[in-house]
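Letter by letter, the chains look like this.
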Amino acid sequence: MANQSSSNPILCASFNQDSSCFAIGTKDGIKIFDSNTGRLCYERAIGAFSIVEMLFTSSLLAIVGAGEQPSLSPRRLCLFNTMTGAALRELNFLTSILAVRMNKKRLVVVLQEKTYIYDINSLAILDTIDTVPNVKGLCAFSPSLDGCFVALPASTTRGSVLLYNVMELHSHCEIDAHRSPVAAMVLSSKGMYIATASEQGTIIRVHLVSDATKSYSFRRGTYPSNIFSLSFAPSVELPDILVATSSSGSVHAFSLGFALCQRSRRSSIILGSIIPESVSDALDPAHHDVLHNAAPAGVKSYAVVRKVDRVADSSTSEIVACRATISMVTYNGYFQEYNLNINNRDEYSWSLEREFNLLTVIADNSISS
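Residues numbered from 1 in each chain as written. Predicted model: local features only at pLDDT ≥ 70, side-chain atom pairs only at ≥ 80, totals over all residues. Heavy atoms only, no water.

Draft legend 1. Expanded view of the overall build of the protein. What the protein contains, in helices and strands, is two helices and 28 strands. Relative to its 369 residues, the protein shows a buried fraction of 57%. Contacts spanning at least 24 positions in sequence make up 44% of the contacts within the protein whose residues lie at least 6 apart. Accessible surface for the protein amounts to roughly 15,600 Å². Of this, 49% is attributable to carbon and sulfur atoms. (Helix = DSSP H or I, 4+ residues; strand = E, 2+ residues; numbered from the N terminus. Buried < 20%, exposed > 50% of the residue type's maximum accessible area, 1.4 Å probe, protein only. Contact = heavy atoms within 4.5 Å. Areas by Shrake-Rupley, 256 points an atom, 1.4 Å probe, with all protein chains shown as cover.)

Have a look at this one:
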């Protein structure tokens, strides 16, 4: 996620594919942290970067300069080895690189009107996707080799999303998710579900990728807000939780996994068959909770659900609660980690477990992988 405001010290932030680590780019260089401990495990002061993407916990980084130094062009992608401190390969483009995604087989590079698919080992170009103007470089990526999709905006006037199978190299489907253009989207880790928010930011919808059908519709709020990030909890099938951060400085958590939400889903399906979608969305129960003032209003933030533990009643084995660990990077320079508990009555409770300044942390025993 690249930053659009030069006033913040962090220019970009990204978690790796399993959220075990995260990287930030600043005007001075790159820092990589362990999500579990908060330890700074790699740093390199080599200039300003607008994109820093990790490949799991390997020594491979995909980095793109912010253009503040002549040697760090926003049109050049560098595959960088943190172990040796050397560039492995470079790819140059005619226009600025807006997003990069990777897994163990594929490299995806997003430009304003084209998206390139590469074999990550040989760097042979496999396909080129012509897209509508995508000035923000919006994309979502599921790193699983079995359900590996990239999602891209399919319209500049409506909230349509193109889903492309990156392993099989063909378009999978197009989802008409919103009436106004998409502002944020995320795929679940196995590529089964996609969540989207429009530029209005009031409704968040979840679609099943296999047949492009709407599974959930959540009302985030009544007033428009910029959605900065969306994140599913890790799960093989239906994730338990979806979180969103917004320009209000709040973190929103939506429950997908409990029976109460399943009843809501069935009700929405019945309502949807007899009344317009816009009305049924307005009637949808929120089924979510808001943590206010997690970040200053207007400051970009990026949150992920790192893990979810289900708590069962020892006598009945019934799931009575789930406990989620939510990590967040704010672009004014802070890391926060929250525990979120949700019981089977759809009651939420938040607790702040850790918070520290990312810019002042000093590596105690740096590693390079």
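Additional details are given in the paragraphs that follow.
Draft legend 2. Just the pairing of strand 10 (residues 106–110), in detail. The element strand 10 is extensively covered by neighbouring structure, given that five of its five residues are classed as buried. Where burial is concerned, the two faces of strand 10 agree: the one with Arg106, Val108 and Val110 and the one with Leu107 and Val109 are both buried. Hairpin geometry of strand 9 (residues 99–102) and strand 10 is characterised by an intervening segment of three residues between the two adjacent antiparallel strands. Across five bridges, strand 10 lies against strand 11 (residues 114–119) in antiparallel orientation. For Arg106, the partnering residue across the bridge sits in strand 11 and is Asp119. (Pairing = 2+ DSSP bridges.)

Draft legend 3. A look at the side chain of Ser246. Tracing the backbone through its elements, the reader meets Ser246 in strand 22 (residues 241–246). Here the side chain of Ser246 touches Ser248 through a polar contact of 2.8 Å, side chain to side chain. Not counting chain neighbours up to four residues away, the residues in contact with Ser246 comprise Ser225, Asn226, Ile227, Phe228 and His252. (Polar contact = N/O pair within 3.5 Å; in protein donor to acceptor, adjacent residues only side chain to side chain.)

Draft legend 4. A look at the packing of aromatic side chains. Under the definition given, this model contains 11 aromatic pairs. Ring centres 5.3 Å apart and planes at 40° place the aromatic pair Phe15 and Phe22 in the tilted group. What makes Phe22 buried here is its relative accessible area of 1%. Summarising the aromatic geometry, the rings of Tyr116 and Tyr118 are spaced 6.4 Å apart at their centres and angled 40° between planes, so their arrangement reads as tilted. Take Tyr116 and Tyr118: they sit in the same class, and that class is buried. One aromatic cluster is present, formed by Phe15, Phe22, Phe33, Tyr302, Phe335 and Phe356 through successive ring pairs. (Phe/Tyr/Trp six-rings, centres within 6.5 Å; stacked < 30°, edge-to-face > 60°.)

Draft legend 5. Fine view of unusual backbone geometry. At Leu169, a residue that is not glycine, the phi angle is positive and equals roughly 60°. Within the fold, Leu169 resides in the loop between strand 15 (159–165) and strand 16 (170–178). Phi angles above zero are rare outside glycine, and Asn293 is one such case at about 60°. Among the structural elements, Asn293 can be located in the loop between strand 24 (288–291) and strand 25 (301–312).

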